[in-house]
Amino acid sequence: YEVLRQHVEVLLARFNVVVSETEPRKEIQESLCTLIYAGWLLGSDMPELKTLLDQFTVKYGQPFVDEVTRNSALYINPRVLAKLNHDIPERSLVDTYLVEIA
């Protein structure tokens with residue numbers, strides 16, 4: 001959640017850009033897209049993210065939000081994306097970890 005907080009802080013620091021521009025500028029795009037994706041993915045667990053997603057949808061339009069959620073790898077930092085995805089590790093990886101622990 002620390003990473004998401006940092007992206008919120010970026011948008012707060014550039015709030016005048018968020019309010020004044022109708023299209024997302026390059027300087028805020030990664031933070032904006034990360035919070036859109038997080039709201040789409042975790043909105044049911046964190047109502048604040050759902051609220052941000054709804055507000056960004058109104059501001060930038062449903063097509064933009066759909067593009068971000070469909071093609072997240074193009075818009076979101078890979079490290080952040082890896083932390084947000086809930087992929088189950090392969091069985092061999094789990095077995096390797098268990099052997100290392102034992």
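As a reminder, the structure under discussion sits directly above these lines.
Residues numbered from 1 in each chain as written. Predicted model: local features only at pLDDT ≥ 70, side-chain atom pairs only at ≥ 80, totals over all residues. Heavy atoms only, no water.

Looking now at the overall build of the protein. A count of helices and strands for the protein gives 8 helices and 0 strands. Helices (α) and strands (β) of the protein occur, in sequence order from the N terminus, as α-α-α-α-α-α-α-α. A globule of 102 residues ought to have a C-alpha radius of gyration of about 13 Å, yet the protein, at 16 Å, is considerably larger. Viewed in the frame of its principal axes, the protein has a C-alpha envelope of about 55 × 25 × 25 Å. Total accessible area on the protein is roughly 7100 Å²; 56% of this is exposed by carbon and sulfur atoms. Looking at the protein, you have 10 positive and 15 negative side-chain charges, and the mean spots of the two groups are 5 Å apart. (Helix = DSSP H or I, 4+ residues; strand = E, 2+ residues; numbered from the N terminus. Rg over C-alpha atoms; globule rule 2.2 N^0.38 Å. Areas by Shrake-Rupley, 256 points an atom, 1.4 Å probe, with all protein chains shown as cover. Lys, Arg positive; Asp, Glu negative; His and termini not counted. Charge placed at Lys NZ, Arg CZ, Asp CG, Glu CD.)

Here the focus is helix α4 (residues 47-60). For α4, which comprises 14 residues, the first-to-last C-alpha distance of 20 Å matches the rise-based estimate of 20 Å (1.5 Å per residue) to within 8%. Among the residues of α4, those classed as buried are Leu49, Leu53, Phe56, Thr57 and Tyr60. All buried residues of α4 fall inside an arc of 105° around its axis, so they share one side. The outward face of α4, more than 90 degrees from its buried face, is lined by the exposed residues Pro47, Glu48 and Val58. Where α4 is buried, its residues meet α1 (2-13), α2 (15-20), α3 (26-42) and α5 (62-70). In the segment just after α4, Gly61 is the residue with positive phi, at about 95°. (Expected span 1.5 Å × (residues − 1). Buried < 20%, exposed > 50% of the residue type's maximum accessible area, 1.4 Å probe, protein only. Arc of directions from axis to C-beta. Contact = heavy atoms within 4.5 Å.)

A few words now on the pattern of salt bridges. Pairs can form between side chains of opposite charge whenever their charged atoms are close. Overall, the coordinates contain 7 salt bridges when judged by the stated rule. Put simply, Glu9 and Arg5 hold a salt bridge, and the shortest N to O gap is 2.1 Å. Of this pair, Glu9 and Arg5 both sit in helix α1, 4 residues apart, roughly one helical turn. When its relative accessible area of 40% is taken as the criterion, Glu9 is described as partly exposed. Arg5 sits in the partly exposed class, given a relative accessible area of 39%. With a closest N to O distance of 3.8 Å, Arg70 and Glu67 form a salt bridge. With a gap of 3 residues between them, Arg70 and Glu67 both fall in helix α5, about one helical turn apart. The partly exposed category is assigned to Glu67, whose relative accessible area is 22%. (Salt bridge = Lys/Arg side-chain N within 4 Å of Asp/Glu carboxyl O.)

Here Ser31 shows up in helix α3. Once you skip the residues sitting within four places of it in the chain, Ser31 turns out to touch His7, Val10 and Leu11.

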